[in-house]
Protein chains: 2
Amino acid sequence: MLSNTDGAAPAPVFTDVEAAARRIAGHAQRTPLLSWLELDRRLGTHAFVKPECLQLTGSFKFRGAYNKIKSALESHEEVPGVVAFSSGNHAQGVAAAAGQLGVPAIIVMPEDAPRIKIENTRALGAEVKLYDRYKEDREAIARAIARDKGYLVVPPYDDPAIIAGQGTIGLEIAEDCAKLGVTPDVVLAPCSGGGLISGIATAIKARSPEARVFACEPARFDDTARSLAAGRRLENEGSEKSICDALLSKSPGEITFPINKRLLSGGLVATDEEALAAVAFAARRLKLVVEPGGAVALAAALQGRAPKDARTIVIVCSGGNIDDEMLRKALAN
Amino acid sequence: MLSNTDGAAPAPVFTDVEAAARRIAGHAQRTPLLSWLELDRRLGTHAFVKPECLQLTGSFKFRGAYNKIKSALESHEEVPGVVAFSSGNHAQGVAAAAGQLGVPAIIVMPEDAPRIKIENTRALGAEVKLYDRYKEDREAIARAIARDKGYLVVPPYDDPAIIAGQGTIGLEIAEDCAKLGVTPDVVLAPCSGGGLISGIATAIKARSPEARVFACEPARFDDTARSLAAGRRLENEGSEKSICDALLSKSPGEITFPINKRLLSGGLVATDEEALAAVAFAARRLKLVVEPGGAVALAAALQGRAPKDARTIVIVCSGGNIDDEMLRKALAN
């Protein structure tokens, strides 16, 4: 199913994204491509938003998780269960995908994760295994479960089937643009470990080789932007904080970075304040609830950081799992 | 274009809705039909939401306004400008539709309308004429403008072209349900003067005669529910108040009521508190910003007031133009 690229890591190719699209059809939400007069006017060009906050479980993560588990089931692997470690969107995406496919799921979450996220994950049918984030290693716990129970590990981003699943967003963008008779000149999407943006770029560049795709990151968590500029994987400092809790990975992935190095046109950055202003813009003008990390691409666009010569720009809003308090704060400014 | 029914008033028929759909194609937002695991679980059946809060100008009103103005232009009428009276969503819909069609617009609005709605209407290029809602008659003001300037009046609901335009929502629901292989057993939509629900019912009942369509109204503004039960048009008391500011018409329309009497299965009601809880549910779970009036159908469904035997229920969320303060209030509970 997966082909190798020039580099050492197995990178998914366009046909893997197409296969993922067939798997998730009728199971994931087919999110629309939306445009607004206000957004066009504000950006001075024709803009579309791909609202993955409307995806099942409130973020794009369901797509990759479903593709990963379904691919394993199709290849007649024994999948007695799946295990993932996440305190947020990936946890819910894996829980929902496993639930739809009738596979037990264990999610390893820190014991101090927000109660609502633990409850949501349990409500989706997953078993939640809590750990002490100061004393225990979540990856070691997940690996032990995988070894002892024979469970399939569903990694958050550095996995070809996960990347191909997230890439279905790029494929849908390409399909919907084609229907409308427009070309996506510039595509912006949030980036943490790089699974989403590498998947999107794989699909977009296959259909529109001239399109420029940019990874968007929170300030001080711009490891992908800096790594792209340096040509090698760089890490973020460990001591920084951001309200973009979905985008705090330490460095680009081993599999995702070579793809991004090959396909991306660069990285854009938005501060926490700019992300929060984009959350407010999305709620007031687009009528979409977007979390700060999910709004960094919109924030970068609103700040005028996308190339000015794009006739058509597509902005991915990747998730909407924001606490009431944070949304209220965004609306208070 | 428009055919007469048995009654005195000219009612649009299904082919009028199809013609409206051709007119708005590529101009209005093609809103998706969305579903969520949480909503299905909460309602105990398979549910879809038609999020018209994502429509241009934040409500369904753009559809009818565009169809009305475009129809007039197509029939070679001289349209030097358009005039409408509205305190809210209709104003923005008319302003945007007129702007897209290059026709000047004057909107007659009460001085005490929400600031955001007045500002948005001006930002869309319309001239806003404010009036005192306690001393002046907005219809008389609009009629005077129409007479003096030869402007076309774009009524909020009691007009065949407006009804046909709003009916495109029902057509899209029918088309998307057909693609998914499901039948919309029950359709719920907010109702004020009845333009939206009568248009939707015209399309839905043409495609799925067995479907049951319900008008949803705020408590104490349930003139359509009571009129349907009585078999004749009844008025609301003038002294009541509601946070559902989009749904405060005094009585069913002359043209809309005969259609609704013929096609609807009844009326459902939600209190202001229930509407506000639905606003919070939409923001937290569906990641959609919906205004209280736009959420009354969702509120009625969440309160268990839809028929229990529906295998598939479709809920129209008709608008998202909510003040920051009201949304923050909803999220504080």
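Residues numbered from 1 in each chain as written. Chains lettered and ligands numbered in written order. Predicted model: local features only at pLDDT ≥ 70, side-chain atom pairs only at ≥ 80, totals over all residues. Heavy atoms only, no water.

## Structural notes on the packing of aromatic side chains
For any pair of aromatic rings, geometry is given as the distance between the ring centres together with the angle between the planes.
All names here are of chain A.
Okay, so step 1: In this structure the tally under the stated criterion is 2 aromatic pairs over all chains.
Okay, so step 2: An angle of 35° between the planes, with centres 5.6 Å apart, marks the rings of Phe62 and Tyr66 as tilted. Of the two residues, Phe62 and Tyr66 both sit in helix H3 (residues 61–74), 4 residues apart, roughly one turn of that helix.
Okay, so step 3: Taking relative accessible area as the criterion, Phe62 reaches 0% and is therefore assigned buried. (Phe/Tyr/Trp six-rings, centres within 6.5 Å; stacked < 30°, edge-to-face > 60°. Helix = DSSP H or I, 4+ residues; strand = E, 2+ residues; numbered from the N terminus. Buried < 20%, exposed > 50% of the residue type's maximum accessible area, 1.4 Å probe, protein only.)

## A closer look at the domain arrangement of chain A
Residues and elements named next belong to chain A.
Okay, so step 1: Each assigned domain of chain A is listed with its residue range as follows: domain 1 (14–60 + 159–331) and domain 2 (61–153).
Okay, so step 2: Relative placement of domain 1 and domain 2: their C-alpha centres are 24 Å apart.
Okay, so step 3: Counting residues at the interface gives 28 residues for domain 1 and 19 residues for domain 2.
Okay, so step 4: Buried surface at the junction of domain 1 and domain 2, summed over both partners, amounts to about 1900 Å²; 50% is from carbon and sulfur atoms.
Okay, so step 5: At the junction of domain 1 with domain 2, the criterion picks out 5 salt bridges.
Okay, so step 6: Arg63 serves as the salt-bridge partner of Glu172, at 2.9 Å between the closest nitrogen and oxygen.
Okay, so step 7: On the surface where domain 1 and domain 2 come into contact, there are 18 residue pairs in polar contact (both at pLDDT 80 or more). (Domains from an automatic or database assignment. Contact = heavy atoms within 4.5 Å. Buried area = accessible area lost by both parts, 1.4 Å probe. Salt bridge = Lys/Arg side-chain N within 4 Å of Asp/Glu carboxyl O. Polar contact = N/O pair within 3.5 Å; in protein donor to acceptor, adjacent residues only side chain to side chain.)

## Looking at the packing of helix H7 (residues 160–180) of chain A against helix H8 (residues 195–207) of chain A
When two helices pack together, their arrangement is given by the angle between their axes and by how far apart the axes lie.
Residue and element names in this part refer to chain A.
Okay, so step 1: Between H7 and H8, whose axes approach to 7 Å, the crossing angle comes to 40°. Here H7 is positioned oblique relative to H8, judged by the angle of their axes. Where H7 crosses over H8, the two elements pack in a sense that is right-handed. Together, Ile163, Gln166, Gly167, Ile169, Gly170, Leu171, Ile173, Ala174 and Glu175 of H7 and Gly195, Leu196, Ser198, Gly199, Ile200, Ala203, Ile204 and Arg207 of H8 make up the contact between the two elements.
Okay, so step 2: Broken down by class, the residue content of the contact of H7 with H8 amounts to 9 nonpolar, 6 polar and 2 charged. (Axes fitted to C-alpha atoms, helices over the stretch in contact; angles between N-to-C directions. Parallel < 35°, antiparallel > 145°, perpendicular 65-115°, else oblique. Left-handed = near helix turned anticlockwise from the far one by under 90°. Nonpolar A, V, L, I, M, F, W, Y, C, P; charged D, E, K, R; others polar.)

## Quick look at the confidence of the model for chain A
The predicted structure's coordinates, where accompanied by low pLDDT, should not be read in detail.
All names here are of chain A.
Okay, so step 1: Of the residues in chain A, 97% reach a pLDDT of 70 or more, and the chain-wide mean stands at 94.
Okay, so step 2: The low-confidence segment residues 1–8, where pLDDT is below 50, has 15 contacts with residues more than four positions distant or belonging to other chains.
Okay, so step 3: Prediction confidence for the complex, expressed as pTM and ipTM, is 0.95 and 0.94 respectively. (pLDDT = per-residue confidence, 0-100.)

## Comments concerning the interface of chain A and chain B
Okay, so step 1: Tallying the contact residues gives 32 residues for chain A and 31 residues for chain B.
Okay, so step 2: Regarding the contact of chain A and chain B, the summed buried area is about 2800 Å², with carbon and sulfur atoms giving 58% of it.
Okay, so step 3: The largest per-residue losses of area from chain A upon contact with chain B belong to Leu37, Lys287 and Arg328 of chain A, which jointly make up 24% of the total buried on that side.
Okay, so step 4: Here chain A is connected to chain B by 2 salt bridges.
Okay, so step 5: Between Asp324 of chain B and Arg284 of chain A there is a salt bridge, with its nearest N and O atoms 2.7 Å apart.
Okay, so step 6: Between the two partners, chain A and chain B, sit 15 residue pairs in polar contact (both at pLDDT 80 or more).
Okay, so step 7: For the side of chain A that touches chain B, the secondary-structure elements that each account for two or more residues are helix H2 (37–43), helix H4 (89–100), helix H5 (115–123), helix H11 (272–286) and helix H13 (324–332) of chain A.

## Concerning the pairing of strand E3 (residues 105–110) of chain B
Residues and elements named next belong to chain B.
Okay, so step 1: Within E3, 6 of the 6 residues are buried, leaving the element largely enclosed by the surrounding structure.
Okay, so step 2: Along E3, one buried face is formed by Ala105, Ile107 and Met109 and the opposite face, lined by Ile106, Val108 and Pro110, is buried too.
Okay, so step 3: Sheet topology places strand E2 (residues 82–85) next to E3; 4 bridges connect them, and they run parallel. Across the sheet, residue Val82 finds its bridge partner in E3, namely Ala105.
Okay, so step 4: Tracing the backbone out of E2, into helix H4 (residues 89–101) and back to the parallel element E3 gives a crossover that is right-handed.
Okay, so step 5: Taken together, E3, helix H5 (residues 115–123) and strand E4 (residues 127–131) constitute a β-α-β crossover, and its handedness is right-handed. (Pairing = 2+ DSSP bridges. Right-handed = clockwise from strand over helix to strand, strands pointing away.)

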